[in-house]
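The chain contents come next:
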Amino acid sequence: MKKRHLPFLLLALACLPCLLYAQQPVRESKGFYQFLTDDPNQKPFISDREGIFAANGMVASAHPDASRVGVEVLKKGGNAVDAAVAVKFALAVVHPSAGNIGGGGFMVYRDKDGQNYTLDFREKAPLKSDKDMYLDENGDVVPRLSTLGHLASGVPGSVAGMAEAHRRFGKLPWRELLQPAIDLAEQGTIQTEREARGLNAIKESVQQVNPGTTYFLRPDGQPWKAGDTLRQPDLAQVLRRIQRQGAKGFYRGKVARLLAAEMKSKGIITKKDLKSYEAKWREPIVGDYKNYRIITMPPTSSGGVALMQLLRLVEPYPLKRWGWNADSTVQVMVEAERRVYADRAKFLGDPDFVDVPVQKLISREYLHERWQDFSFAAATDSKAVSGGAIPGYESLETTHYSVVDKDGNAVSITTTLNGGYGSKVIVKGGGFFMNNEMDDFSVKPGVPNMFGLIGNKANAIAPAKRMLSSMTPTIVEKDGKLLMVVGTPGGSTIITSVYQTILNVLEHGMTMQQAVNALKFHHQWLPDKTVFEQGAFTENTINKLQGRGYLLEMQRNTIGRMDCILVLPDGTLEGGSDPRGDDTSVGY
């Protein structure tokens, strides 16, 4: 045996007991040393964090306090939807950069009997909006107008979404589910180093957009530091109104008046916008990948369509044999991403306003045609790739959480303000951030948004229209049984992070936590480059890909912040939460 193999053999032997316990349900792999390359310099994981295991229920979310709130609900006899509601409002308190009542999102729900449901509570464009509202007199995009300040916000959907989910599937009283968030807001939450750094980073923008505000500033004016306590009494009062009155406590009455007053001088959201907002149940996207069943979000999310396309484009290839992040594996995945993001720009939008050919886009026949110009010899030029031809067709800060209860009900929710802390607008008297989701529209065809995504007419601004999203909450089944609950924040990288995490488990034999820890890469058609986390590719892989014409860009910033759950063969749940953030899995 070669000496360079010895460290991996010892590592594998040390981990063998836990691997034998956790690896059986979805693969034949005998351990993670099999998907390491022979390159001793490769470091496939951002962390050596191990998964959390529990028998009765699991919550994986962006903040330990929110995960604990969810598990306490499960312990009291609440189901997965009850826990999801409680977690959502807790995140609105403890994770102000993305957890929110001023934003929106999507829910994928699979009940214990295998019935699937998807709920769209994405924000809407205000009734006074128009397709040219972010352009100057020359037709050019006004910088930052769609990302910073009052005009950047869409009508929030989070509260309506949670109220509708609870109305249809909740078990415990609504009042009980709001109380933990109220307690956290009133008593205060201890800031982590990451949270303190985030609040300090936005101080200037917050003061610029909200002159004279004291929200989210330390009383003594000093920078926040880890261990400080953030109390939010105004937010607690808003949550109490929602607790007493349900969605009406937000969309009507005092809170609606506060929000409309905040928007009156510089924004366009009105009480009429709030009163007319409704969350909407949509038909899930359900499709097969090999012998697995994928349940994911339809438009207004682009994530489900894109995920099914990505999985089916690489389905014919032996990814397991090639190995994790080997050059051939990376090449077919990148080429799939290139074509899928081009389709996203051309076809995807709000299905209440445009005809989105979902079934055609995810069909194997269509995808086979899209793949005809692929060659292993060289990278495809993105300038030569446009959205596919369909006959008859006319032309970054988010948070995710996953919940599984003791009965096998599963919830996957991704929710967002769009950029970190949204538009930086804080509703006076309410103490919560508003979103900057209007930037997710195509403010001008062909002009990239804050995540570099290109849009077209299908995603143009229109009154009461929902903007396109990359959020990809997803549930995976095997043999008719629940297998995985997955999702992540990350702007345009959401889709590719979910894609890689699923393949890491299904093809490369990783545990849930290993799949989350694994270093990731991303391509989105335009700009024509592949970004990757430091260490994700070996020098050999880099050289081979560059030799075929791929532009690679290593970045020190991380990609994705997954919060996922895997069901093992004996029913045990493995929670995998991302070490890239304060994310935490809690089970019982």
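What you are looking at is a predicted structure, and each value in this text was computed from that prediction instead of being measured.

## Brief notes about the nonpolar core
In this structure, Met484, Tyr499, Ile502 and Met512 are the most contacted members of the largest nonpolar core, which totals 85 residues. Once residues lying within four places of it in the same chain are set aside, the contact partners of Met512 are Met484, Val486, Thr501, Val505, Cys564, Ile565, Leu566, Glu574 and Gly576.

## Quick look at the packing of aromatic side chains
Here the structure, examined in full by the defined rule, presents 19 aromatic pairs. Pairing Phe216 with Phe433 gives two aromatic rings, centres 4.6 Å apart and planes at 25 degrees, and the pair type is stacked. As far as the burial class goes, Phe216 and Phe433 line up, both buried. Taken together, a centroid distance of 4.6 Å and an interplanar angle of 20 degrees make the contact between Trp371 and Phe374 stacked. As far as burial versus exposure is concerned, Trp371 and Phe374 are alike and both buried. Counting every residue linked through ring pairs, the aromatic cluster contains Tyr317, Trp322, Trp371, Phe374 and Phe376. Cation over ring: Lys124 sits above Tyr277, and NZ or CZ is 5.9 Å from the ring centre. In this structure, Arg168 packs its charged tip against the face of Trp281, placed 4.6 Å from the ring centre.

## Description of a positive patch on the surface
A cluster of like positive charges, contributed by Lys254, Arg257, Lys264 and Lys271, occupies part of the molecular surface. Per element, the largest residue contribution to the positive patch is three residues, and it comes from helix α10 (residues 253–264). Note on placement: Lys271 falls in helix α11 (residues 271–276). Assessed through its relative accessible area of 48%, Lys271 is described here as partly exposed.

## Thoughts on the pairing of strand β10 (residues 397–404)
It is a general feature of regular strands that their side chains alternate between the two faces of the sheet. Within β10, seven of the eight residues are buried, leaving the element largely enclosed by the surrounding structure. Across three bridges, the pairing between strand β2 (residues 58–61) and β10 is antiparallel. Residue Ala60 lies in a different strand from β10, and its bridge partner there is Ser402.

## Here's the deal with the packing of helix α3 (residues 80–94) against helix α4 (residues 158–169)
Two numbers describe how α3 lies on α4: the axes approach to 9 Å, and their chain directions differ by 160 degrees. The angle between α3 and α4 falls in the class roughly antiparallel. The way α3 lies across α4 gives a crossing that is left-handed. Of α4, the residues touching α3 (which contributes Val81, Asp82, Ala84, Val85, Lys88 and Phe89) are Ser158, Val159, Met162, Ala165, His166 and Phe169. Residues of the contact of α3 with α4, tallied by class, amount to eight nonpolar, two polar and two charged.

## A look at the UniProt feature "binding site: L-glutamate" (unreviewed entry) in the chain
When the UniProt feature table is mapped onto this chain numbering, "binding site: L-glutamate" (unreviewed entry) sits at Arg122, Thr416, Leu417, Asn418, Asp440, Ser469, Ser470 and Gly491. Relative to the assigned elements, Arg122 resides in the loop between β4 (116–121) and α4. As for its placement among the helices and strands, Asp440 is situated in the loop between β11 (410–418) and β12 (474–478). Within the local environment of Asp440, its side chain forms a polar contact with the side chain of Arg122, the two groups lying 2.6 Å apart.

## Some details on the pattern of salt bridges
Enumeration over the complete set of coordinates arrives at 39 salt bridges. Among the ionic pairs, Arg122 bridges to Asp440, the shortest N-O distance being 2.6 Å. A single network of salt bridges, built from pairs that share partners, joins Asp120, Lys280, Arg282, Asp350, Asp352 and Arg466.

What counts, and where the lines are drawn
- Residues numbered from 1 in each chain as written.
- Predicted model: local features only at pLDDT ≥ 70, side-chain atom pairs only at ≥ 80, totals over all residues.
- Heavy atoms only, no water.
- Core = buried A, V, L, I, M, F, W, Y, C linked by side-chain atoms within 4.5 Å.
- Buried < 20%, exposed > 50% of the residue type's maximum accessible area, 1.4 Å probe, protein only.
- Contact = heavy atoms within 4.5 Å.
- Phe/Tyr/Trp six-rings, centres within 6.5 Å; stacked < 30°, edge-to-face > 60°.
- Lys NZ or Arg CZ within 6 Å of the ring centre and 35° of its normal.
- Patch = residues over 30% accessible without salt bridge, like charges linked within 9 Å, V, L, I, M, F, W, Y side chains within 5 Å.
- Areas by Shrake-Rupley, 256 points an atom, 1.4 Å probe, with all protein chains shown as cover.
- Salt bridge = Lys/Arg side-chain N within 4 Å of Asp/Glu carboxyl O.
- Lys, Arg positive; Asp, Glu negative; His and termini not counted.
- Charge placed at Lys NZ, Arg CZ, Asp CG, Glu CD.
- Helix = DSSP H or I, 4+ residues; strand = E, 2+ residues; numbered from the N terminus.
- Pairing = 2+ DSSP bridges.
- Axes fitted to C-alpha atoms, helices over the stretch in contact; angles between N-to-C directions.
- Parallel < 35°, antiparallel > 145°, perpendicular 65-115°, else oblique.
- Left-handed = near helix turned anticlockwise from the far one by under 90°.
- Nonpolar A, V, L, I, M, F, W, Y, C, P; charged D, E, K, R; others polar.
- UniProt positions renumbered as here; feature names shortened; annotations may be inferred.
- Polar contact = N/O pair within 3.5 Å; in protein donor to acceptor, adjacent residues only side chain to side chain.

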